[in-house]
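Descriptive analysis of the structure
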Amino acid sequence: MSDPWKECMDHCVEVTKEAGKMIREALQKDIAVMHKSSPVDLVTETDQKVEQLIISSIKEKYPTHSFIGEESVAAGAPSILTDSPTWIIDPIDGTTNFVHRFPFVSVSIGFTVKKEIEFGIVYSCIEDKMYTARKGKGAFCNGVPIEVSGQEDINQSLVLTEMGFKKDPEHFKTMMANMKTIISLPVHGIRSPGSAAVNMCLVACGSADAYYHMGIHCWDMAGGAAIVTEAGGVIMDISGGPFDLMSRRLIVASSRVIAERIAKEITEFNVGRDDTDG
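It should be emphasised that the depicted structure is a prediction, and the values quoted were computed from it without experimental measurement.

**Some points on the sheet that holds strand E6 (residues 116–124)**
Taken in spatial order, the 7 strands make up an open sheet running E3-E4-E5-E6-E7-E8-E9, and their pairing is mixed. Sheet topology places strand E3 (66–69) and strand E9 (144–145) at the edges, where each strand pairs with a single neighbour. Bridging between strand E7 (residues 129–134) and strand E8 (residues 139–141) involves 3 bridges; their strand directions are antiparallel. Note on E8: the bridge partner recorded for Ala133 is Ala139. The strands that helix H2 (residues 45–61) touches are E3, strand E4 (86–93) and strand E5 (106–113); relative to E4, the one it contacts most, it runs at about 155°. Against the sheet, helix H7 (residues 218–230) touches E3, E4, E5, E6, E7 and E8, its axis set at about 100° to E6.

Right under this line is the structure:
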């Protein structure tokens, strides 16, 4: 059996399409918004329903597999990555976009075995763009191969990041100072589409040249990490060290030289880890 996880990936694509349909239908109705950790940490009934749809469908087919889902973790489930085959799920990456009907909303699923990402799927469902990648097999958007821009000059780069409310005023100050630093290098510009998974796919298909972020989660990164890697991109920790899926931070770029330059320029702040309480 040359590719033992192909059936898993094929099933995942189908369930992701169903999830995207559910999200598009929900956008035609009133959206009831609830809050999690802060007034700007939003969740909707659709987030919860989509995650239930995905997990129940996969569990029925693969009952021994493990799951880490954004809404399950919010409800108290553990966020521990083991060697077991594990599905890491963000039912709606870009919930704030979804609430405002801003068109970058995605379903993101990464699949790991022995803590290594085997495949990733990101469905930008309003755009109807299905990004897929299987380890060693390349990256695709709607079945067409994609690759990073290959840009190596930071001054010719379009850089993505996200900005938002931070409880710690020092973290907020550092976030804004980092953006000022990157803009002043200079770069062509900074953009914030509002979905970490979509941001990674935009680097993967060459529409942007880099993306950095501190404070996201494994379910934001797992699907996109496979896609950007298979598209020829570079993924690393904010410090410039190896990427750690549970670290809540990353840099992805079209080339190592750009990733390392961003790592050198920006200042870190502590965001804890997904696999600890800290």
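**Structural notes on H2**
Helix length check: H2 (17 residues) gives 25 Å between terminal C-alpha atoms against 24 Å at 1.5 Å per residue, within 8%. When we look at burial in H2, the residues that qualify are Thr46, Asp47, Val50, Glu51, Ile54, Ile55, Ser57 and Ile58. Axial view of H2: buried residues confined to an arc of 165°, hence all on one face. Exposed side chains of H2 directed beyond 90 degrees from the buried face belong to Gln52 and Glu60.

**Focus: the pairing of strand E12 (residues 210–214)**
Of all 5 residues in E12, 5 are buried; the element is thus mostly enclosed. The alternating pattern of E12 places Ala210, Tyr212 and Met214 and Tyr211 and His213 on opposite faces, both of which are buried. The sheet contact formed by strand E10 (residues 158–160) and E12 spans 2 bridges and is parallel. Each bridged residue has a counterpart across the sheet, and for Val159 the counterpart in E12 is Ala210. Summarising the sheet, E12 and strand E14 (residues 249–253) pair through 5 bridges and their orientation is antiparallel. By the bridge assignment, Tyr211 is partnered in E14 with Val252.

**Description of the packing of aromatic side chains**
Taken as a whole and assessed by the stated rule, the structure comprises 6 aromatic pairs. With a centroid separation of 6.2 Å and an interplanar angle of 25°, the aromatic rings of Tyr62 and Trp87 are classed as stacked. Remark: Trp87 occurs in strand E4 and Tyr62 occurs in the loop between H2 and E3; sequence separation between them is 25 residues. For the pair shown, Tyr62 and Trp87 are each scored as buried. Here the aromatic residues Trp5, Tyr62, Trp87, Phe111 and Phe119 are joined through ring pairs into a cluster of three or more.

Cut-offs used in this document
- Residues numbered from 1 in each chain as written.
- Predicted model: local features only at pLDDT ≥ 70, side-chain atom pairs only at ≥ 80, totals over all residues.
- Heavy atoms only, no water.
- Pairing = 2+ DSSP bridges.
- Helix = DSSP H or I, 4+ residues; strand = E, 2+ residues; numbered from the N terminus.
- Contact = heavy atoms within 4.5 Å.
- Axes fitted to C-alpha atoms, helices over the stretch in contact; angles between N-to-C directions.
- Expected span 1.5 Å × (residues − 1).
- Buried < 20%, exposed > 50% of the residue type's maximum accessible area, 1.4 Å probe, protein only.
- Arc of directions from axis to C-beta.
- Phe/Tyr/Trp six-rings, centres within 6.5 Å; stacked < 30°, edge-to-face > 60°.

Purely geometric stuff here, so don't read any function into it on its own.
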